[in-house]
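Observations on the model geometry
Each chain, letter by letter, is given below.
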Amino acid sequence: MSINTLVVGGTGWVGEEIVSQLLKRNDNVTLLINNTKSIYKNVDIIKTDITNNEQIKLNLYDKNFDVIFHIASLPGDTGDPRQMMDVNVNGLLNLLEYSKNSNVKRFILSSSISALEWYPATKFNKPDYLPIDENHPCRPKDMYSSTKRMQELLALSFYHQYKVPVTILRLTAVVGPKGRGGGRGYFEMAKMLKKRKTVTIPHFNEEELCHYVDIRDVGRLHLIASEHKKAIGEIFNCCGSRPTTGKEFGDIIKKYIPEINVKCGFPWSMAQGGEISFSMKKAKDMIGFVPKYSMDESIKSIIKWIDSPDYETFDKNELSYGQGVS
């Protein structure tokens, strides 16, 4: 039996991976997008500004979805606080209100570990403990991180007060080919890998410990969370099976491109020279999710992509970072 899914923000980097996996499991997929284009021909398209509640009501009033994936957020701090609130918070509010009045069985919100506080453009604050689990205190200090935490609180309020079946996923640094938006750094890194001379990696030094997640595992966790009853009302970290040091990152690259010179000091790093790691124990214990792809496989997928015809035809739009990480 096919599942009717609505993907809000399905044309972004992470969104396209989720849509691809949904189509592989034969879901009936509808994309809610603004003015962007979709690479998929076999999906329904609804063009709507998520910040406009009247448009949402007009375009969705007669629709019924089993699952809603809300991935639509600005990819970083734009420097415009009102825009950050309009898109990240009010946009989510509009979809939660729609869900409250419909028969949605699952509402999956893509959040970020920045909701805890860590964002590359703000001063790094050492975690209270490692690995960081879902109970670590949240103390965001910039507009991006604050709006991501607001999203979480808003979604949980709709769960507790209105019984909207919400699940929240906190994504750490996503790795994979075709990086765009918040993942633009991996496209920049791919360009350097393509030249096979020098590459700068997203670590400030070789000792820095950071935690990544393969974009394919991000898609997998979204789908699993949308199916498991125990996921409702919960927050889950979304990261790889283990963190990676700068030296390990560089060694993996040199394994596949021995002649390249690897340098630390990319424009941004989540750990900013320190140490950060996250626990996936809750997702494993509650919904049986275990990350499948290692850092080696993530970097290998980028190198495979730069040597493919798809690299040359890649749409290089929407490659901006947020404020302070360009």
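Please refer to the structure higher up on the page.
Rules and cut-offs
Residues numbered from 1 in each chain as written. Predicted model: local features only at pLDDT ≥ 70, side-chain atom pairs only at ≥ 80, totals over all residues. Heavy atoms only, no water. Pairing = 2+ DSSP bridges. Helix = DSSP H or I, 4+ residues; strand = E, 2+ residues; numbered from the N terminus. Axes fitted to C-alpha atoms, helices over the stretch in contact; angles between N-to-C directions. Salt bridge = Lys/Arg side-chain N within 4 Å of Asp/Glu carboxyl O. Buried < 20%, exposed > 50% of the residue type's maximum accessible area, 1.4 Å probe, protein only.

Regarding the sheet that holds strand β11 (residues 235-238)
By way of backbone hydrogen bonds, the strands of a sheet pair with one another, either parallel or antiparallel. With parallel pairing, seven strands are arranged side by side in an open sheet as β3-β2-β1-β4-β5-β6-β11. Each of the sheet's edge strands pairs with one partner strand only, and the pair in question is β3 (44-47) and β11. On average, each strand axis in the sheet is tilted by 20° relative to the strand beside it, whichever way the strands run. With four bridges connecting them, strand β2 (residues 28-33) and β3 associate as parallel partners.

Details of the pattern of salt bridges
In the structure shown here, the tally under the stated rule is 23 salt bridges. One salt bridge connects R25 with E227, and the closest N-O pair in it is separated by 2.8 Å. Of this pair, R25 sits in the loop between α1 (13-24) and β2 while E227 sits in helix α6 (residues 215-227), and the two are 202 residues apart along the sequence. Between R216 and D214 there is a salt bridge, with its nearest N and O atoms 2.8 Å apart. Given the relative accessible area of 24%, R216 is considered partly exposed. One connected set of salt bridges, linked through shared partners, spans E117, D128, R139 and K141.

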